[in-house]
Amino acid sequence: MSKNDPLEAFKGMQQDIEQRRDLVEKIQDSFSDLDTTLNFKVNSLLKTEFEKVCKKTHSNPSRELKLFMLRSIKTGRL
């Protein structure tokens, strides 16, 4: 079969989806296993406003950023 075979491309996409599902499941299973730290700098106004939004929704920045990261992995995009 050629490299441009649609069936092979589809099989590759299916395999990528399955691998991503397995990875997401593994991450979700260990979601409370906090074994590393992520530090980065942001503008103080951005941080303050994000904290306000989180507080209004009864959440916190750490939780929301972790959920954003998990959604990015699930969808394969930002």
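Here goes a summary of the coordinates provided. (Residues numbered from 1 in each chain as written. Predicted model: local features only at pLDDT ≥ 70, side-chain atom pairs only at ≥ 80, totals over all residues. Heavy atoms only, no water.)

### Some words on the overall build of the protein chain
Condition: Secondary structure elements follow DSSP: runs of H or I no shorter than four residues count as helices, runs of E no shorter than two count as strands, and numbering proceeds from the N terminus. Within these notes, the globule rule equals 2.2 Å times the number of residues to the 0.38 power, and the radius of gyration is based on C-alpha atoms. Burial classification: accessible surface area is computed with a 1.4 Å probe over protein chains only, and a residue below 20% of its type maximum counts as buried, one above 50% as exposed, and the rest as partly exposed. Computed with the Shrake-Rupley method and a 1.4 Å probe, the accessible areas treat only the protein chains shown as cover for residues. In this count, Lys and Arg are taken as positive residues and Asp and Glu as negative ones, while His and the chain termini are left out. Charge positions are represented by NZ for Lys, CZ for Arg, CG for Asp and CD for Glu.
Each helix and strand counted, the protein chain has three helices and zero strands in total. In sequence order, the secondary structure elements of the protein chain are arranged as α-α-α. Radius of gyration (C-alpha) of the protein chain: 18 Å, far over the 12 Å computed for a compact globule of 78 residues. For the protein chain, the spread of C-alpha atoms along the principal axes amounts to about 55 × 25 × 25 Å. Counting only residues that meet the buried cut, the protein chain has 8% of its 78 residues in that class. Total accessible area computed for the protein chain in this model is approximately 7300 Å², and 56% of it derives from carbon and sulfur atoms. Here the protein chain holds 15 positive side-chain charges and 12 negative ones, and the gap between their average locations is 9 Å.

### Side note on the environment of Gly12
Assignment of secondary structure puts Gly12 in helix H1 (residues 6-29). As for Gly12 and Leu38, which are separated by 26 residues in sequence, their C-alpha atoms are 32 Å apart.

### Comments concerning the environment of Met69
Among the secondary structure elements, Met69 is positioned in helix H3 (residues 61-75). A C-alpha to C-alpha distance of 14 Å links Met69 and Lys26, two positions 43 residues apart in sequence.

### Side note on H3
Selection rule: Multiplying 1.5 Å by the helix residue count minus one yields the expected span of that helix.
Here H3 contains 15 residues, and its C-alpha end-to-end distance of 21 Å stays within 8% of the 21 Å for a straight helix at 1.5 Å per residue. Note on H3: the residue one or two positions beyond its end, Gly76, has a positive phi of about 75 degrees.

### What to know about a nonpolar patch on the surface
We apply this condition: Each patch is built from residues lacking any salt bridge and having more than 30% relative accessible area; the joining distance is 9 Å for like charges and 5 Å for nonpolar side chains (Val, Leu, Ile, Met, Phe, Trp, Tyr). Take a side-chain nitrogen of Lys or Arg and a carboxyl oxygen of Asp or Glu: if they are within 4 Å of each other, that pair is a salt bridge.
Nonpolar side chains collect at one region of the surface, where Leu38, Phe40, Val42, Leu46, Phe50, Leu65, Phe68, Met69 and Leu78 lie side by side and expose about 920 Å² of accessible area between them. With respect to the helices and strands, Phe50 occurs in helix H2 (residues 44-56).

### So, the side chain of Ser59
Applicable threshold: Distance and chemistry together define a polar contact, namely a pair of N or O atoms within 3.5 Å, with one atom able to donate a hydrogen and the other to accept it when in protein, and with adjacent residues in sequence counting only for side-chain atoms on both sides. The contact criterion used throughout is that any non-hydrogen atoms of two residues lie within 4.5 Å.
Here Ser59 is to be found in the loop between H2 and H3. One polar contact links Ser59 to Glu64, side chain to side chain, over a distance of 2.5 Å. If sequence neighbours within four positions are ignored, Ser59 has contacts with Cys54 and Glu64.

### With respect to the packing of H2 against H3
Operational definition: Angular values range over 0 to 180 degrees, each being the angle between N-to-C directions of two axes fitted as lines to C-alpha atoms, with helices fitted over their stretch in contact. For classification, angles of less than 35 degrees are called roughly parallel, those exceeding 145 degrees roughly antiparallel, those between 65 and 115 degrees roughly perpendicular, and all remaining angles oblique. Any residue outside Ala, Val, Leu, Ile, Met, Phe, Trp, Tyr, Cys, Pro, Asp, Glu, Lys and Arg is labelled polar, Gly included; the first ten of those are nonpolar and the last four are charged.
Viewed as axis vectors pointing N to C, H2 and H3 meet at an angle of 90 degrees, and their least axial separation amounts to 9 Å. Comparing the axis directions of H2 and H3 gives the class roughly perpendicular. Seen from H2, the contacting residues are Phe50, Glu51 and Cys54; seen from H3, they are Pro61, Glu64 and Leu65. A class-by-class count of the residues in the contact of H2 with H3 yields four nonpolar, no polar and two charged.

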